[in-house]
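This is what each chain is made of:
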Amino acid sequence: MSSIYAKEGPNSVSARLAVAARLVNLTVLPTGVSLAAIAPTALEAVFGASLANQAVPFAIMAATLIFSAQSFLLITALQSVNRTTQILGISLAATIIDLVTVGLGASALGTTAGAIGRALLAVAMLLLAWFSLRRVLHAPVGQGLSKALALTMLTAIPLLVVDMILTGNFRLVPLFRIPLLLGVFVACFLAASRGFNVFGEDDFELLKNALPRALSSHLRMLKRVLVRRTTGSRSHH
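What this report covers is the structure whose coordinates are included nearby. Note that the coordinates shown come from a computational prediction; the quantities given were computed from them, not determined experimentally.

### Some remarks on a positive patch on the surface
Then comes step 1: A cluster of basic residues, Lys 208, Arg 213, Arg 220 and Arg 224, forms a positive patch on the protein surface.
Then comes step 2: Turning to its location among the elements, Arg 220 is positioned in helix α11 (residues 216-226).

### Describing the environment of Leu 29
Then comes step 1: With respect to the helices, strands and loops of the structure, Leu 29 is situated in helix α2 (residues 10-37).
Then comes step 2: Remark: the alpha-carbon pair of Leu 29 and Ala 210, spanning 181 residues in sequence, is separated by 20 Å.
Then comes step 3: If we ignore the near neighbours within four places in the chain, the residues touching Leu 29 are Val 24, Ile 66, Leu 145, Ala 148, Leu 149 and Thr 152.

### Side note on the nonpolar core
Nonpolar side chains tend to gather and get buried jointly when the protein is soluble and globular.
Then comes step 1: Core analysis: the biggest nonpolar cluster contains 43 residues, and Leu 17, Ile 75, Leu 78, Leu 133, Leu 137 and Phe 199 have the highest contact counts within it.
Then comes step 2: If you list the elements that add at least two residues to this core, you get α2, α5 (65-80), α6 (84-109), α7 (111-133), α8 (145-168), α9 (174-195) and α11.
Then comes step 3: Among the elements that make up this core, the one with the highest residue count is α2 (eight residues).
Then comes step 4: Residue contacts for Ile 75: discarding those within four places in its chain leaves Ile 87, Ile 90, Met 125 and Ala 129.
Then comes step 5: One finds Ala 36, Ala 39, Ala 59 and Ala 62 within the second-largest nonpolar core, a separate group that totals six residues.

### Concerning the pattern of salt bridges
Then comes step 1: The full count for this structure, using the stated rule, is two salt bridges.
Then comes step 2: Salt-bridge contacts for Arg 22 lead to Asp 203; the nearest nitrogen and oxygen are separated by 2.5 Å. Of this pair, Arg 22 sits in helix α2 while Asp 203 sits in helix α10 (residues 201-210), and the two are 181 residues apart along the sequence.
Then comes step 3: Using a relative accessible area of 0% as the deciding quantity, one classes Asp 203 as buried.
Then comes step 4: The partner of Arg 177 in a salt bridge is Asp 163, and the shortest N-O contact between them spans 3.4 Å. Highlighted residues: Arg 177 in helix α9 and Asp 163 in helix α8, separated in sequence by 14 residues.
Then comes step 5: By relative accessible area, which is 7% here, Asp 163 ends up buried.

### Quick word on the packing of α9 against α11
The relative placement of two packed helices comes down to the angle between their axes together with the axis-to-axis distance.
Then comes step 1: Relative orientation of the contacting elements α9 and α11 amounts to 60°, with a least axis distance of 8 Å. Of α11, the residues touching α9 (which contributes Leu 190, Ser 193 and Arg 194) are Leu 222, Arg 224, Val 225 and Leu 226.
Then comes step 2: Residue composition of the contact of α9 with α11, by class: four nonpolar, one polar and two charged.

The rules we used
- Residues numbered from 1 in each chain as written.
- Predicted model: local features only at pLDDT ≥ 70, side-chain atom pairs only at ≥ 80, totals over all residues.
- Heavy atoms only, no water.
- Patch = residues over 30% accessible without salt bridge, like charges linked within 9 Å, V, L, I, M, F, W, Y side chains within 5 Å.
- Areas by Shrake-Rupley, 256 points an atom, 1.4 Å probe, with all protein chains shown as cover.
- Salt bridge = Lys/Arg side-chain N within 4 Å of Asp/Glu carboxyl O.
- Lys, Arg positive; Asp, Glu negative; His and termini not counted.
- Charge placed at Lys NZ, Arg CZ, Asp CG, Glu CD.
- Helix = DSSP H or I, 4+ residues; strand = E, 2+ residues; numbered from the N terminus.
- Contact = heavy atoms within 4.5 Å.
- Core = buried A, V, L, I, M, F, W, Y, C linked by side-chain atoms within 4.5 Å.
- Buried < 20%, exposed > 50% of the residue type's maximum accessible area, 1.4 Å probe, protein only.
- Axes fitted to C-alpha atoms, helices over the stretch in contact; angles between N-to-C directions.
- Nonpolar A, V, L, I, M, F, W, Y, C, P; charged D, E, K, R; others polar.

Shown next as structure tokens:
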């Protein structure tokens, strides 16, 4: 981004930010909310029954992962346009919000206050970074959000239903539920992505540049599964 900003200006950075923001919204939002939907199963499978009562704070943190991902993206953009001093102020302000939230809510909410504080930290960093960037370039953090919300509903809701069936009717232990739930998530995500023609050539071009070359063959296979038709250019909605 630094090189693009120096050579081509802010509009080119905004264009690449739009592609990156789409990928973040289309992947992190469905994944985070889906993980939140099966929070009790995920916690018990990994940590045992002793932490099953921490499902609410875990679900809060999982569902708000999208704000952390978006804020890191914008912080990276701020670094690329030489606004590093503002990053310090943003981090300090967001940390204060986090600490105040935990300090005020810990006695009543326990670990849930910590999860809420972490979520507010991510939201604060996102908003402050966006306001700082808007003076230099357009930061389209909402790019692809409508399709991301559709993907989220079509993955998280089936996952929640299947988890409830496996828990209530079949009474499977969490360790056996996780592989089945993972299969449901992958199937729903791939089917919804292809059905709505969510991903395009630009998305995979960005992934190709970001991922190691050893994964190129896997990326081409994923592209054949997800992209219903190949187009030279793709408008982003």
